[in-house]
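Given next are the chains, with one letter for each unit.
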Amino acid sequence: MHLLVAPDKFRGTLTAHEAAAAIAAGAERGGWSADELPLADGGEGTLAVLGGPNRRTLVSGPLGEPVKAAWRLEEDGTALIEAAEACGLTLAGGPERNDPLRATSRGVGELVATAIAEGALRVVVCVGGVASTDGGTGAVEVLPLPLPVPLDVAWDVEARFLDAADVFAPQKGATPEQVEVLRERLARLDVPDLPGSGAAGGLAGGLAAMGAHLLPGFDLVARRLGLDEPLAEADLVVTGEGLLDATSLTGKVVGRVLERAKVAGIETLVIAGDVAPSSPIDAISLVASYGPERALAEPAKCLTELLAATLATRRNGP
């Protein structure tokens, strides 16, 4: 029996590559062959699964401090930029230390401008996991108009523009009063209300207003990595992420893998670090199986053990 391992990162504990390796080890322990295909949805970790960075540039961080942001310039002239490298919430110290009203996407614009100056013929900005909710104003103010090269924006959530304040700003540390301020700021901007325009604090929408093309980040990754071929050859697909919740079906890896596997008629299994009560997806959980302390301390070992045990149950069951 053959298994396709196609997880997202387990945020805060494992990269997508590390998670895939741990799951594949469990499959092999259970007597299955396995192909590893770490995935991403346009958010954090997308650059890593698309080949990793080969350049670094000093840019403005989310709260104005300089940060050295990694990005990739490919042989065909495509520049791959991950917004979180320049204005990620982790760079701001997480929601506890972030300043939601001051956080800026300026560094993303500086990366795009640098890529163009260094000869990029096309720029792809993968958005998600940022500290800012500025509607992309920080990025836009440092970019040339009209854009001299095609610009694609790969979003990680199918969110409308004002969702950036109402839905996502609280996750970045914004109080209810700050959410109101941020919503009013976004409402004053002339931005197309497209699916995905609210991703990355409205950065996607701000870039769309400059002429960027918005597209689902998962589709970009799946196409570049050739997901359909190994999917068609699998008897079972295992996917997963750190926390399954209601957003897992809004353009993220797990939901999109389940969709594609269903169309292909391939059985699926989902493993998560933890499962929120709001999750609409059936999954096995490291926290439920091993407790939160071990799940956080030894996530790779837990993934390997849990998958091997699950496959053994399936093999020995009715």
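Description of the structure in this document. Just so it is clear, the structure is predicted and the values come from calculations on it, not from any experiment. (Residues numbered from 1 in each chain as written. Predicted model: local features only at pLDDT ≥ 70, side-chain atom pairs only at ≥ 80, totals over all residues. Heavy atoms only, no water.)

All right, on to the nonpolar core then. Core analysis: the largest hydrophobic core is formed by 39 residues, its most contacted members being I81, V108, V123, V125, V127, L203 and L207. Contributing elements (two or more residues each) for this core: β4 (66–73), β5 (78–82), α3 (83–87), α4 (106–117), β6 (122–126), β7 (151–155) and α8 (203–209). Broken down by element, the residue count for this core peaks at 5 residues, all from α4. One finds A70, L80, A222 and L227 within the second-largest nonpolar core, a separate group that totals 27 residues. (Core = buried A, V, L, I, M, F, W, Y, C linked by side-chain atoms within 4.5 Å. Buried < 20%, exposed > 50% of the residue type's maximum accessible area, 1.4 Å probe, protein only. Helix = DSSP H or I, 4+ residues; strand = E, 2+ residues; numbered from the N terminus.)

Applying the stated criterion to the full structure yields 0 aromatic pairs. A cation sits over an aromatic face here: R294 above Y290, 5.0 Å from the ring centre. (Phe/Tyr/Trp six-rings, centres within 6.5 Å; stacked < 30°, edge-to-face > 60°. Lys NZ or Arg CZ within 6 Å of the ring centre and 35° of its normal.)

Spatial strand order, β2-β1-β9-β10-β11: 5 strands in an open sheet with parallel pairing. Bordering the open sheet on either side are β2 (33–36) and β11 (284–285), each of which pairs with just one other strand. Sheet analysis places strand β9 (residues 236–244) next to strand β10 (residues 267–275), joined by 8 bridges and oriented parallel. From the neighbouring strand, V237 faces β10, where its bridge partner is T268. Its contacts with the sheet place helix α1 (residues 16–29) against β1 (2–5), β2 and β9, and it is angled at close to 170° to β2. Docked against the sheet, helix α11 (residues 253–264) engages β9 and β10, running at close to 160° with respect to β9. (Pairing = 2+ DSSP bridges. Contact = heavy atoms within 4.5 Å. Axes fitted to C-alpha atoms, helices over the stretch in contact; angles between N-to-C directions.)

It is worth spelling out the pairing of β10 at this point. Once the chain exits β9 it traverses α11 before rejoining the sheet at β10, and the crossover so formed is right-handed. Where β10 meets β11, 2 bridges bridge the pair, whose relative direction is parallel. Bridging across to β11, I271 finds its partner in I284. (Right-handed = clockwise from strand over helix to strand, strands pointing away.)

This part covers the packing of helix α9 (residues 217–225) against α11. In helix packing, the relevant descriptors are the interaxial angle and the interaxial distance, both defined with respect to the helix axes. At a minimum axis distance of 10 Å, the contact between α9 and α11 shows a crossing angle of 60°. As summarised for this structure, α9 and α11 are arranged oblique, according to the angle between their axes. Regarding α9 and α11, the two cross each other, and that crossing is right-handed. Where α9 abuts α11, its residues F218, D219 and A222 lie against V253, R256, V257 and R260. Broken down by class, the residue content of the contact of α9 with α11 amounts to 4 nonpolar, no polar and 3 charged. (Parallel < 35°, antiparallel > 145°, perpendicular 65-115°, else oblique. Left-handed = near helix turned anticlockwise from the far one by under 90°. Nonpolar A, V, L, I, M, F, W, Y, C, P; charged D, E, K, R; others polar.)

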